[in-house]
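Chain by chain, the residues:
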Amino acid sequence: MAAVNVDDVTTLDRVPALGAQARQRSVRSVTTAPHGFEGEGFPVRRAFAGVDLAHLDPFVHLDQMGEVEYAPGEPKGTPWHPHRGFETVTYIVDGTFEHQDSNGGGGVITNGDTQWMTAGQGILHIEKPPEALVLSGGLFHGLQLWVNLPRAQKWVAPRYQDLRGNTVSLLASPDGGALVRIIAGDVGTHVGPGSTYTPMTMLHATIAPGAQLELPWLEDFNALGYVLAGDGFVGPERRPVTTGQLTVFGPGDAITIAADERQESRHPNLEVVLLGGQPIREPVAWGGPFVMNTKQEVLQAFEDFQAGKLGQIPAHN
């Protein structure tokens, strides 16, 4: 696991202890992500498949990309494609990805980095492995999350945030059994680098075998936990979870995740991404790469794309 790590988690600030009145969020559902393919054919798990959008709001889509060990010549990406009406958040755990958009934004992200692209009124972009990785092959593992934008901000100008792994806030659980990386939002007084239109939290936690992580959670946020790798338990009822499963938590102001004492040798710890956001509670009309409020707005987005109004592919491509 090449995401940001520390040699000694006991040197980090600690996750705030839960108060005596904390209300644990019980488990509403656990679902298993089906396998699929994206872009030019890289393997993904569709983490939100089969889950009611009302329980996901403000999130609409989550793909786990890989984990896959590519042979030379195998790494794949996506061709140029449009987006409008939401934000894409691409978090790389292992490997390297290049990103470019029609506004001149982009860059290279690697172990622990995040690219946060606000499509807003519309943009074209491309994601691909660098040529050196295509030639050599290698490990690739990451996530892409789609965060909806409220009606009032669907037409904002596109923007791009390049979040380096060394800028995330790091915390340890009180007993040092878990490392928490804050990509966006906050845990206590510690804040991640991601700047979001919709109030939200995104964390990546590594939990040692047999350890437990308790986190305070904003009561007006939803709460989701997706297992990147490993085996563990969620909620006060200790519901079993494993790689590729999504937990939707119910109401409350605290969540608990624990790692099984037995883990696979390939994945010595439980790796979980935790998401929470303030629900937008607006109609969602979703068509391909566009997330709008009405079907007519989606159709208009397709027309605008065909008319070249969402941007132009740079000439050197």
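Asks: Honestly, the nonpolar core in this entry has me stumped. Any pointers?
Replies: Most often, soluble globular proteins keep nonpolar side chains buried together rather than apart. Among the nonpolar cores identified, the biggest contains 34 residues, and Phe48, Leu145, Met202 and Leu275 are the most heavily contacted of them. When near neighbours in sequence (up to four residues on either side) are disregarded, Phe48 contacts Leu56, Phe59, Val60, His61, Leu62, Leu145, Leu224, Leu246 and Leu275. The next biggest cluster of nonpolar side chains, apart from the first, holds 27 residues, and it includes Val15, Ala178, Leu215 and Ala223.

Asks: I would appreciate a short explanation of the sheet that holds strand S20 (residues 231-234) in the present structure.
Replies: Each strand in a sheet pairs with another by means of backbone hydrogen bonds, the pair being arranged parallel or else antiparallel. Taken together, four strands build an open sheet; the order of strands is S18-S23-S20-S21 and the sheet is antiparallel. The strands lining the two open edges of the sheet, one partner per strand, are strand S18 (212-216) and strand S21 (239-242). Put simply, the sheet's adjacent strands are angled 25° from each other on average, direction ignored. As judged from the three bridges shared by S20 and strand S23 (residues 254-259), these two strands associate in the antiparallel manner. Bridging from a neighbouring strand, Phe233 pairs with Ala258 of S23.

Asks: How should I be thinking about helix H3 (residues 295-306) in this particular structure?
Replies: Helical periodicity: at 3.6 residues per turn, an α-helix aligns residues three or four positions apart in one direction. The terminal C-alpha atoms of H3 lie 17 Å apart, and with 12 residues this matches the ideal 16 Å at 1.5 Å per residue to within 8%. Three or more residues of H3 are buried, namely Val298, Ala301 and Asp304. Angularly, the buried residues of H3 cover 120° about the axis, an arc narrow enough to put them on a single face. Exposed positions of H3 whose direction lies more than 90 degrees from the buried face are Lys295, Gln296 and Gln306. Backbone geometry just after H3 places Gly308 at a positive phi near 80°.

Asks: Got a minute to help me understand the side chain of His61 in this structure?
Replies: When you line up the elements, His61 lands in strand S4 (residues 59-70). You can call His61 buried: its relative accessible area is 13%. Reaching out from His61, the side chain makes a polar contact with the side chain of Asp63 at a distance of 3.3 Å. What His61 contacts, discounting residues up to four positions off in sequence, is Arg46, Phe48, Gln144, Leu145, Trp146 and Trp286.

Asks: How do you make sense of the side chain of Asp113 when you look at a structure like this?
Replies: Relative to the assigned elements, Asp113 resides in the loop between strand S8 (106-110) and strand S9 (114-118). Using a relative accessible area of 5% as the deciding quantity, one classes Asp113 as buried. Every residue in contact with Asp113, bar those within four places of it in the chain, is listed here: Thr90, Tyr91, Ile92, Val108, Leu163, Arg164 and Gly165.

Asks: Before we go on, may I ask you to explain the pairing of strand S11 (residues 138-148) in this structure?
Replies: Successive side chains on a regular strand alternate, one facing one side of the sheet and the next facing the other. The buried fraction of S11 is high, at 10 of 11 residues. Bridging between strand S6 (residues 86-94) and S11 involves eight bridges; their strand directions are antiparallel. Directly across from Phe86, in S11, lies its bridge partner Asn148.

Asks: Explain the environment of Pro199 to me, please; I cannot follow it from the model alone.
Replies: Positionally, Pro199 belongs in the loop between strand S16 (190-191) and strand S17 (200-207). Contact partners of Pro199, with chain neighbours within four places excluded, come to Phe221, Gly277 and Gln278.

Asks: I keep staring at the packing of aromatic side chains and nothing clicks. Help me out?
Replies: Aromatic rings considered in pairs are described by the distance between their centres and by the relative angle of their planes. Under the counting rule described, the total for this entry stands at three aromatic pairs. Ring centres of Phe290 and Phe302 lie 4.8 Å apart, and the angle between their planes is 85°; on these two criteria the pair is classed as edge-to-face. Of the two residues, Phe290 sits in strand S26 (residues 290-292) while Phe302 sits in helix H3, which places them 12 residues apart along the sequence. In this structure an aromatic cluster arises from ring pairing among Phe86, Trp146 and Trp286. Residue placement shows Arg238 over the ring face of Phe233; its charged tip is 4.2 Å from the ring centre.

Asks: I keep staring at the pattern of salt bridges and nothing clicks. Help me out?
Replies: Pairing between side chains of opposite charge can happen when their charged atoms approach one another. Scanning the model with the defined rule gives six salt bridges in all. For Arg46, the salt bridge goes to Asp63, with nearest N and O atoms at 2.5 Å. Taken as a pair, Arg46 in strand S3 (residues 42-46) and Asp63 in strand S4 lie far apart in primary sequence, 17 residues in all. Residue Arg46 is classed as partly exposed on the basis of its relative accessible area, which comes to 24%. A salt bridge links Arg84 to Asp304; the nearest nitrogen and oxygen atoms lie 3.0 Å apart. Pair noted here: Arg84 is in the loop between strand S5 (78-83) and S6 and Asp304 is in helix H3, with a separation of 220 residues, a long-range link. What emerges from the salt-bridge pattern is a single network uniting Asp113, Asp162 and Arg164.

Here is what the cut-offs are and how they apply
- Residues numbered from 1 in each chain as written.
- Predicted model: local features only at pLDDT ≥ 70, side-chain atom pairs only at ≥ 80, totals over all residues.
- Heavy atoms only, no water.
- Core = buried A, V, L, I, M, F, W, Y, C linked by side-chain atoms within 4.5 Å.
- Buried < 20%, exposed > 50% of the residue type's maximum accessible area, 1.4 Å probe, protein only.
- Contact = heavy atoms within 4.5 Å.
- Pairing = 2+ DSSP bridges.
- Helix = DSSP H or I, 4+ residues; strand = E, 2+ residues; numbered from the N terminus.
- Axes fitted to C-alpha atoms, helices over the stretch in contact; angles between N-to-C directions.
- Expected span 1.5 Å × (residues − 1).
- Arc of directions from axis to C-beta.
- Polar contact = N/O pair within 3.5 Å; in protein donor to acceptor, adjacent residues only side chain to side chain.
- Phe/Tyr/Trp six-rings, centres within 6.5 Å; stacked < 30°, edge-to-face > 60°.
- Lys NZ or Arg CZ within 6 Å of the ring centre and 35° of its normal.
- Salt bridge = Lys/Arg side-chain N within 4 Å of Asp/Glu carboxyl O.

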